[in-house]
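Read off the chains here:
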Amino acid sequence: MGGVAGDGSSRSRVVVVGGGVAGAFLAKPLQFVADVVVIDSKEYFEMPWTELRSMVEPSFSGRTLIKHTDYLSNARIITSSAVGITEDQVLTADGDSITFDYLVIATGHAYSTPRSRDRRLEQFEQGLVMDTDGINYLALLIGTYDSQKIKASQSILIVGGGPTGVELAGEIAVDYPEKKVTIVHKGSRLLEFLGPKASKKAMHWLTSKKVDVLLGQSVDLNSISEADGAYMTSAGEKIAADCHFVCIGKPLGSSWLQNSVLKDCLNEKGRLVVDECFRVRGRSNIFAIGDITDVPEIKEGYIAQKHSAVVSKNLQLLMKGGKESKLVKYKAASATTIVSLGRKEGVGQFPFGTVIGCLPGRIKSKDLFVEKTRKNLGLDS
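Residues numbered from 1 in each chain as written. Predicted model: local features only at pLDDT ≥ 70, side-chain atom pairs only at ≥ 80, totals over all residues. Heavy atoms only, no water.

*Asks:* Which parts of the structure should I look at to understand the sheet that holds strand β6 (residues 76-79)?
*Replies:* The strands making up a sheet associate through hydrogen bonds between their backbones, and the pairing can be parallel or antiparallel. Pairing is parallel in the open sheet, where five strands are placed in the order β6-β3-β2-β10-β17. Across the chains shown, the open sheet's two edge strands, defined by having one partner strand only, are β6 and β17 (286-288). For this sheet the average axis-to-axis angle between neighbouring strands, irrespective of direction, equals 20°. Sheet topology places strand β2 (residues 13-17) next to strand β10 (residues 102-105); four bridges connect them, and they run parallel. When the bridges of β10 are listed, Val 14 appears paired with Tyr 102. Each of β2, β10 and β17 touches helix α8 (residues 301-319); the most contacted strand, β10, lies at about 170° to it. (Pairing = 2+ DSSP bridges. Helix = DSSP H or I, 4+ residues; strand = E, 2+ residues; numbered from the N terminus. Axes fitted to C-alpha atoms, helices over the stretch in contact; angles between N-to-C directions. Contact = heavy atoms within 4.5 Å.)

See below:
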């Protein structure tokens, strides 16, 4: 297995595995105070919460896909997948061994996206999101993100009433009000990760847009076929639809750790167990941030950025020889989030209450925090 030599720098080497929200926002501030190496399977950062908008409006993706080199001028980018970890090295799929002084794991959820930004843009422009092997991209376990298919269909079935399913239904209902949209959700209410008030408000908004919502039912994923345009729910209800999307969640990006030195640090759900400073259990120089952690809170992009800020401070303290007693401790965020409902509205759960309409819509739905995210990465607004 090939080794990767250091550059002779006396600075500590920080290896960041994962170039999503958590990894990107950690690497940026550390690149000038440490020897930073980012390992990511793709050459770009993608704002994951914008994918549904890009699917319906392909031109939107142009500002949501950012090459790592555009915001990291003083870090090394290794475009490969991490496949293992030893006591002091990260092993990549290309056979490299990357030595680290400090390691931060930020692999979030598992996605199968193209290596190059240009290819990803092409997918949106062509109206089809596919993986690098040409197989339908399973971003949400099953289903094809196909803007052309949406345009051509008069009726659309969405399986899953979590945030992705609700936001997709909202985008379609607003952009194509003439189309029939049906959501089938096995839970007793939509958006179960939020409070009942948010669920009720989202349900009312969707039904006002003539979206049918069937709760307490499921669809057999193994029998799904668009050939005959008919789908059967677990309650025996028949649904006619020209196409379907399955929005039932994404697997965690932790399978590569199951045979590593951190295998005993994964909980039963596959998340890394961390302390209040984001150090992986039993490790003083290995941290984890973002969705892959077991921190009991909603997994959101802005929260991942808070994780990055805490670990950035802690790593800088440790690299300067500071005392561990001075490490910054993180307090889990409250259940605050916004689910977009089309272009101008949304439902938001805040500490002061639950709000639906233009207020949360102005906060998120208009541009989905794209310009704010670009600005925070030091890019043009």
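From this point on, the discussion continues.
*Asks:* Sorry, what's going on with the sheet that holds strand β19 (residues 345-350) here?
*Replies:* Taken in spatial order, the three strands make up an open sheet running β18-β19-β20, and their pairing is antiparallel. Either end of the sheet is taken by a strand with one partner, and the two such strands are β18 (337-341) and β20 (353-357). In this sheet, adjacent strand axes meet at a mean angle of 10° when their direction is disregarded. In this structure, β19 lies alongside β20, joined through five bridges in antiparallel fashion.

*Asks:* Please explain the domain arrangement of the protein chain as it appears in this structure.
*Replies:* Often the size quoted for an interface is simply the accessible area lost on bringing the parts together. Per the domain assignment, the segments of the protein chain are domain 1 (13-41 + 80-110 + 252-326) and domain 2 (117-250 + 336-377). Just the C-alpha atoms count here: the centres of domain 1 and domain 2 sit 30 Å apart. Taken together, the contacts link eight residues of domain 1 with eight residues of domain 2. Between domain 1 and domain 2, roughly 790 Å² of surface is buried when both sides are summed, and carbon and sulfur atoms account for 59% of that area. Area buried by domain 1 at its contact with domain 2 is led by Phe 25, Lys 28 and Ile 298, which between them contribute 51% of it. Across the domain 1-domain 2 interface, the total number found is zero salt bridges. For the pair domain 1 and domain 2, the number of links is three residue pairs in polar contact (both at pLDDT 80 or more). Of all the elements in the fold, those that place two or more residues in the side of domain 1 that touches domain 2 are α1 (21-30) and α8. Here the side of domain 1 that touches domain 2 is composed, by residue class, of four nonpolar, two polar and two charged. (Domains from an automatic or database assignment. Buried area = accessible area lost by both parts, 1.4 Å probe. Salt bridge = Lys/Arg side-chain N within 4 Å of Asp/Glu carboxyl O. Polar contact = N/O pair within 3.5 Å; in protein donor to acceptor, adjacent residues only side chain to side chain. Nonpolar A, V, L, I, M, F, W, Y, C, P; charged D, E, K, R; others polar.)

*Asks:* What's the story with the packing of aromatic side chains in this structure? I'm lost.
*Replies:* Aromatic ring pairs are defined here through the distance separating the ring centres and the angle between the ring planes. For the structure shown, the criterion picks out four aromatic pairs. For the pair Phe 25 and Phe 45, a centre-to-centre distance of 6.5 Å together with 80° between the ring planes defines the contact as edge-to-face. Separated by 20 residues along the polypeptide, Phe 25 in helix α1 and Phe 45 in strand β4 (residues 44-46) bring together distant segments of the chain. Both residues of the pair, Phe 25 and Phe 45, count as buried. In this structure an aromatic cluster arises from ring pairing among Phe 25, Phe 45 and Tyr 71. Over the aromatic face of Tyr 44 sits the side chain of Lys 42, whose NZ or CZ is 5.8 Å from the ring centroid. The cationic tip of Arg 53 hangs over the ring face of Phe 60; the distance from NZ or CZ to the ring centre is 5.5 Å. (Phe/Tyr/Trp six-rings, centres within 6.5 Å; stacked < 30°, edge-to-face > 60°. Buried < 20%, exposed > 50% of the residue type's maximum accessible area, 1.4 Å probe, protein only. Lys NZ or Arg CZ within 6 Å of the ring centre and 35° of its normal.)

*Asks:* Which parts of the structure should I look at to understand the packing of α1 against α8?
*Replies:* How two helices pack is summed up by the angle between their axes together with the distance between the axes. With their axes 8 Å apart at the nearest point, α1 and α8 run at an angle of 35° to one another. With respect to the hand of their crossing, α1 and α8 are arranged in right-handed fashion. Touching Val 21, Ala 22, Phe 25, Leu 26, Pro 29 and Leu 30 of α1 are Gly 301, Ala 304, Gln 305, Ser 308, Val 311, Ser 312, Leu 315, Gln 316 and Met 319, all from α8. Of the residues assigned to the contact of α1 with α8, the class counts are ten nonpolar, five polar and no charged. (Left-handed = near helix turned anticlockwise from the far one by under 90°.)

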